[in-house]
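# Analysis of the macromolecular model
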Amino acid sequence: MMKKKSISASKASLVLFLCQMISALDVPLDSKLLEELLQPPTITQQSPKDYIVDPRENIVIQCEAKGKPPPSFSWTRNGTHFDIDKDAQVTMKPNSGTLVINIMNGGKAEAYEGVYQCTARNERGAAISNNIVIRPSRSPLWTKEKLEPNHVREGDSLVLHCRPPVGLPPPIIFWMDNAFQRLPQSERVSQGLNGDLYFSNVQPEDTREDYICYARFNHTQTIQQKQPISVKVFSTKPVTERQPILLTPTGSTSTKVELRGNVLLLECIAAGLPTPVIRWIKEGGELPVNRTFFENFKKTLKIIDVSEADSGNYKCIARNMLGSVHHVISVTVKAAPYWITAPRNLVLSPGEDGTLICRANGNPKPNISWFANGVPIAIAPEDPSRKVDGDTIIFSHVQERSSAVYQCNASNEYGYLLANAFVNVLAEPPRVLTPANKLYQVIADSPALLDCAYFGSPKPEIEWFKGVKGSILRGNEYVFHDNGTLEIPVAQKDSTGTYTCVARNELGKVQNEVRLEVKDPTMIIKQPEYKVIQRYGQVSFECIIRHDSTLLPTVIWLKDNDELPDDERFLVGKDNLTIMNVTDKDDGTYTCIVNTTLDSVSASAVLTVVAAPPTPAIIYARPNPPFDLELTGQLERSVELSWIPGDENNSPIRNFVIEYEDGLHEPGVWHYQTEVPGTQTTVQLKLSPYVNYSFRVIAVNEIGRSQPSEPSEQYLTKSANPDENPSNVQGIGSEPDNLVITWESLKGFQSNGPGLQYKVSWRQKDVDDEWTSVIVANVSKYIVSGTPTFVPYEIKVQALNDLGYAPEPSEVIGHSGEDLPMVAPGNVQVHVINSTLAKVHWDPVPLKTVRGHLQGYKVYYWKVQSLSRRSRRHVEKKILTFRGNKTFGMLPGLEPYSSYKLNVRVVNGKGEGPASPDKVFKTPEGVPSSPSFLKITNPTLDSLTLEWGSPTHPNGVLTSYILKFQPINNTHELGPLVEIRIPANESSLILKNLNYSTRYKFYFNAQTSVGSGSQITEEAVTIMDEVQPLYPRIRNVTTAAAETYANISWEYEGPDHANFYVEYGVAGSKEDWKKEIVNGSRSFFVLKGLTPGTAYKVRVGAEGLSGFRSSEDVFETGPAMASRQIDIATQGWFIGLMCAVALLILILLIVCFIRRNKGGKYPVKEKEDAHADPEIQPMKEDDGTFGEYSDAEDHKPLKKGSRTPSDRTVKKEDSDDSLVDYGEGVNGQFNEDGSFIGQYSGKKEKEPAEGNESSEAPSPVNAMNSFV
């Protein structure tokens, strides 16, 4: 007899194209076959039943269908034929039934309201869509009304009515104030489901005149505003406390009807003082677990996914310290129709029988009506093979003309269901879908499965032959599967050959040949052995293999189940592994793995590294292997094993490890069975059915494990039903219309007998559907096609073999495949918190539209432009992800006074849904950064000129600059502070009426309407009418920043051989300055190791000059770049060039000094005696030179050449204006232009001011103010 099995699939599993039905054909999902088969139309996509459209946009009514030949489409509107050719505004997409109604070019959406239905038709039948009701959305204006102020006594209750305009769909209600801030809500003040604002008791702080109710119409993205409501609370002493009363609902009882599957919302809002607390109970039952939620401070009871079991009386109780009040709401749950068994497509052969079943439930019970090709079946053309019996159509002896599409309509007062199911009668000769001459290769003693995928109508009979003229295959050594697959449970070498599959039905016969090759198994004939090696020695493991000559083996060595260390001491040969210079780290287990394309074997050995013994001593070694293994007391599920221990080798045996080999399923592979104490030499072993056992024993002592003993004799246990089912059963869809069921297959010895297969069963959860099952073999995955998108399924996988089934498996819950979310989050709102932070809110999308596991929401936001500069730049979108079902998030790091856009998208396991419409928001002004620079020039006796640059980041509209300054005396004490406000459009200022020869400290910052920014400081000195000695100064600090370093350069004037240092830190940080010493007298330095994209502050100082230093400069490193810039300061050619320039300057200085050192008088005293009050001349405007110093008699100009005496000295008796007097005992010197280069000994905490040389009389003291 031929051995048959129920529905199964081979390794190249054939997926069902249509759902299985009694007496129906299974059509394999073969693309070439499907292109050739005729098929009635099937609706694949259609618009929702209740379709609300935007009246400002084109209306798109979807209708897509498939079929062979491709179907044609037609439409009805309000029950009559809709001729789209007569309406210029209506078009139909090519090769589609989708209608596009052009509203944006003159059409009016109201003119196209109605009920639409699509029909897809070909020669095999007609499928129809749902009735699609088209309605344009409406957002009417609020009716004008005169609102009187509400005068309420403190402690009384109050209800502010919203009464929004009726829109389509209904609007979302919320309360805000004039500043568009949501009104705070609490247990005392809250919004009801009807939109009204309820006060359980009013307080004085409730007084305000801007209670505004807003209605948001999401479909048209519009918001309507009610006129503000005024509330004035007057106080009376004392405030009377009140027990609770219900503001809504009124009375003691009410009723509520809700539909099955919807969300039930019950509300109780109470008045009272103190504020009452609300509690909910269900009379005679408990509130459903995991589906009950409390909202609005427990004033709203929310039960999701309600069913008929949720009907009953729900009581809300409001209580405070003075009493309580309650209200009972009687809830009735009705149900629109829902499927119990929806009709499914039916593929039959001529003369076969079949049924279409349409079963639905609802409350009230729905009526079932049938249609054929869109026509009520009562008036449809008669078909003698068809008989209607209530919710079932019975087909008998069908013919090809019986092909049609049938519609089942289940309806009650709450809705309807419409399903299309076709009957397709096919007469097709047999076809074999498996490729001809396909080669199968297996290892000897393992199963072989030869495919013969086929199709035909009527269903063909399958026969197998071996060889070209061989006889038909029969007998227990073969298993014939219903899908045509031939299984050879234990393939031998003589099974090699050509096999012929023959498929025949009454319309013809076809055959196909495949080839089978049976290979010798791969074996390790010389396994690696346990080794004990002394430290720094050499050890080698052998791994000699035998394999089929046609297979190419690869050998891999592992150490402790991981790759070998990357060390040249490990040498891998053709059949060995050698380790040189062994260390303690080499101790471990080494495994040799041999792989071919068909099988894999492995063997392991342990390496123990020991220290060299100092003197000959007792040798401790691993024990010798046990021997003389014997099996006794053989039973179906147990056997007794005994053995004789080997030599202990001076270390007592602690335990014996028993291993087994399954010669039937995994020859050559040894598995752990059990272990016993070292004093025991017999053990009772538990066995599994259908295993060809061999046993071996390993002895273990403190040194390690012995070599395995020789194997025992083999013992084959009898077959039995499987004891267990596959583990790790899962159901996860890979596509939106499938369910992929996977499991971990049983091991060979777990099969308990030949013919191991799996019964895979599934059904849709919560639909009262029957289980669908399929039996497969040699696979661990099955794909169910044609499933709805992301619905739960109950799944179970049961093992079976030739003797029967395993115990009933447990069920797991899986889901069909996810699809991209359908809709974008709505009601996206942005609340700008400050100039750099905003909070975005959105409404969660309905879970049904997520079509997958909700992972969260993504907010895309980007800067459009700066409002102060009005210049666009490259858009760099930023993304923030908010996990879970969050409906808000914070957007940090925004730039002040800028325009931004954002949108929100929902994310599931498949990906992102559509983006919400872009939301524009603007950040307010912030405080500006510090001015880009501050320079002080043109010092005179009583004035200084200030020049500055606007802030790099104004962060708003500059309103003014603030200048503060104060004098500093020689003891560093600060004088009174003067503040000046300067218009924002100015960039320079001349300060007059200052004290002569006085140091001033300046503080300068910019302002916006928000406030003042960070300030920049400088110091400067007014001059005296003397020759200007050179005052040490460091100025013009400049930076050139790169990614991780910055070049710092400066200009210095003062004593030679100054030792400079550079101090720097992160701008705005309170951390101490970091200090770097500059080698030599260079005027540049490279700061390295900086962080990319960071703002730094820097200043330069000189050691030994009383700690004076330059003003601060701020720079920012560039963003991280892939390429690196070359530091010019570290290049050899640059250093050589700088050294040559320095040498040339030194030579020039020496020459100038020699030429100047020739004596001469400095006529200061004579001039001062003659003119005690010198006249100060301003700078000439025509040539930019300084004014002349003249006396009162002849007003002769003092030439520039006369400003410096020829002998470069000033005698004490010649002038009272001695340099010693001004230099505090330090003799000064002059350089070639007459400026003072001695040290200014006053200790200043800040840097000297910048300035040009004075145009006044050449007093030596004034030289201190000309430090450039």
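What comes next concerns the included structure. (Residues numbered from 1 in each chain as written. Predicted model: local features only at pLDDT ≥ 70, side-chain atom pairs only at ≥ 80, totals over all residues. Heavy atoms only, no water.)

### Some thoughts on the overall build of the protein
- Scanning the protein from terminus to terminus reveals 5 helices and 92 strands.
- Every one of the 1268 residues in the protein was classed for burial, and the buried ones make up 45%.
- For the protein, contacts bridging at least 24 residues in sequence account for 67% of all contacts bridging at least 6.
- Taken as a whole, the protein presents about 64200 Å² of accessible surface, with 51% of it coming from carbon and sulfur. (Helix = DSSP H or I, 4+ residues; strand = E, 2+ residues; numbered from the N terminus. Buried < 20%, exposed > 50% of the residue type's maximum accessible area, 1.4 Å probe, protein only. Contact = heavy atoms within 4.5 Å. Areas by Shrake-Rupley, 256 points an atom, 1.4 Å probe, with all protein chains shown as cover.)

### Here's the deal with the packing of aromatic side chains
- In total, this model carries 24 aromatic pairs according to the counting rule given.
- On the basis of an interplanar angle of 65° and a centroid distance of 5.5 Å, the ring pair of Phe395 and Tyr406 is categorised as edge-to-face. Of the two residues, Phe395 is situated in strand S35 (residues 392-395) and Tyr406 in strand S36 (residues 404-412); the sequence distance between them amounts to 11 residues. Across this residue pair, the class does not change: Phe395 and Tyr406 are buried.
- Ring geometry for Phe541 and Tyr590: centres 5.4 Å apart, planes at 25°, overall stacked. Of this pair, Phe541 sits in strand S49 (residues 539-542) while Tyr590 sits in strand S55 (residues 588-595), and the two are 49 residues apart along the sequence.
- Here Tyr590 falls in the buried class, since its relative accessible area comes to 0%.
- Following the ring pairs from residue to residue traces out a cluster consisting of Phe174, Phe180 and Tyr214.
- We note Lys839 situated over the ring of Phe888; from NZ or CZ to the ring centre the distance is 4.7 Å.
- The ring of Phe888 has Lys886 sitting right over it, with the charged end atom 4.8 Å from the ring centre. (Phe/Tyr/Trp six-rings, centres within 6.5 Å; stacked < 30°, edge-to-face > 60°. Lys NZ or Arg CZ within 6 Å of the ring centre and 35° of its normal.)

### Focus: the sheet that holds strand S80 (residues 944-951)
- Here 3 strands make up an open sheet; going across it, the order is S79-S80-S83 and the pairing antiparallel. Both outer strands of the open sheet, strand S79 (931-937) and strand S83 (988-991), are each paired with one neighbouring strand and no more. In this sheet, adjacent strand axes meet at a mean angle of 20° when their direction is disregarded. (Pairing = 2+ DSSP bridges. Axes fitted to C-alpha atoms, helices over the stretch in contact; angles between N-to-C directions.)

### Topic: the state of the cysteines
- What the rule picks out here adds up to 6 disulfides.
- Each sulfur in the disulfide pair Cys358 and Cys408 lies 1.7 Å from the other. Sign of the S-S torsion, about -65° for the bond between Cys358 and Cys408, identifies this disulfide as left-handed. Remark: Cys408 occurs in strand S36 and Cys358 occurs in the loop between strand S30 (354-357) and strand S31 (359-363); sequence separation between them is 50 residues. Comparing Cys358 with Cys408 shows no difference in burial state: the two are buried.
- Between the sulfur of Cys452 and that of Cys501 lies a disulfide, 1.8 Å long from S to S. Placement of the pair is Cys452 in the loop between strand S40 (448-450) and strand S41 (454-457) and Cys501 in strand S45 (residues 497-505), with a sequence separation of 49 residues.
- On the basis of relative accessible area, Cys452 is assigned to the buried category, the value being 1%.
- Judged by its relative accessible area of 1%, Cys501 falls in the buried class. (Disulfide = S-S within 2.5 Å.)

### So, the pattern of salt bridges
- Evaluation of the coordinates by the stated rule reveals 40 salt bridges.
- In this structure, Asp843 and Arg216 form a salt bridge, with 3.3 Å as the shortest nitrogen-oxygen distance. Placement of the pair is Asp843 in strand S73 (residues 837-843) and Arg216 in strand S17 (residues 208-217), with a sequence separation of 627 residues.
- A relative accessible area of 23% places Asp843 in the partly exposed class.
- The residue Asp391 makes a salt bridge to Arg359 at a minimum N-O spacing of 3.5 Å. Taken as a pair, Asp391 in the loop between strand S34 (386-389) and S35 and Arg359 in strand S31 lie far apart in primary sequence, 32 residues in all.
- Taken together, the shared-partner salt bridges in this structure form one network comprising Arg153, Asp156 and Arg242. (Salt bridge = Lys/Arg side-chain N within 4 Å of Asp/Glu carboxyl O.)

### Topic: the pairing of strand S90 (residues 1084-1087)
- Of the two faces of S90, both are covered, the one formed by Phe1084 and Val1086 as well as the one formed by Phe1085 and Leu1087.
- Pairing of strand S87 (residues 1046-1053) with S90, which is carried by 4 bridges, proceeds in the antiparallel orientation. Bridging across to S90, Ile1048 finds its partner in Phe1085.

### With respect to the nonpolar core
- Ranked by internal contacts, the top residues of the largest apolar core, which has 29 residues, are Ile59, Ile61, Trp75, Ile101 and Tyr116.
- Of all the secondary structure elements, the ones that give two or more residues to this core are strand S3 (59-61), strand S4 (63-68), strand S5 (72-77), strand S8 (99-101), strand S9 (114-122) and strand S11 (132-136).
- At 3 residues, the largest contribution of residues to this core is made by S9.
- In terms of nonpolar packing, the next biggest core, distinct from the first, is built from 22 residues, Val432, Ala444, Ala491 and Leu516 among them. (Core = buried A, V, L, I, M, F, W, Y, C linked by side-chain atoms within 4.5 Å.)

### Comments concerning a nonpolar patch on the surface
- Together, Leu1143, Leu1146, Ile1147, Ile1150, Val1151, Phe1153 and Ile1154 make up a nonpolar patch on the protein surface, roughly 700 Å² of accessible area in all.
- Structurally, the position occupied by Ile1154 is in helix H3 (residues 1132-1156).
- Taking relative accessible area as the criterion, Ile1154 reaches 56% and is therefore assigned exposed. (Patch = residues over 30% accessible without salt bridge, like charges linked within 9 Å, V, L, I, M, F, W, Y side chains within 5 Å.)

### Some points on the sheet that holds strand S62 (residues 692-700)
- The strand order S60-S59-S62-S63 describes an open sheet built from 4 strands, whose pairing is antiparallel. Strand pairing shows two members of the sheet lacking a second neighbour, strand S60 (666-677) and strand S63 (715-716), which therefore form its edges.
- Sheet analysis places S62 next to S63, joined by 2 bridges and oriented antiparallel. When the bridges of S63 are listed, Tyr693 appears paired with Tyr715.

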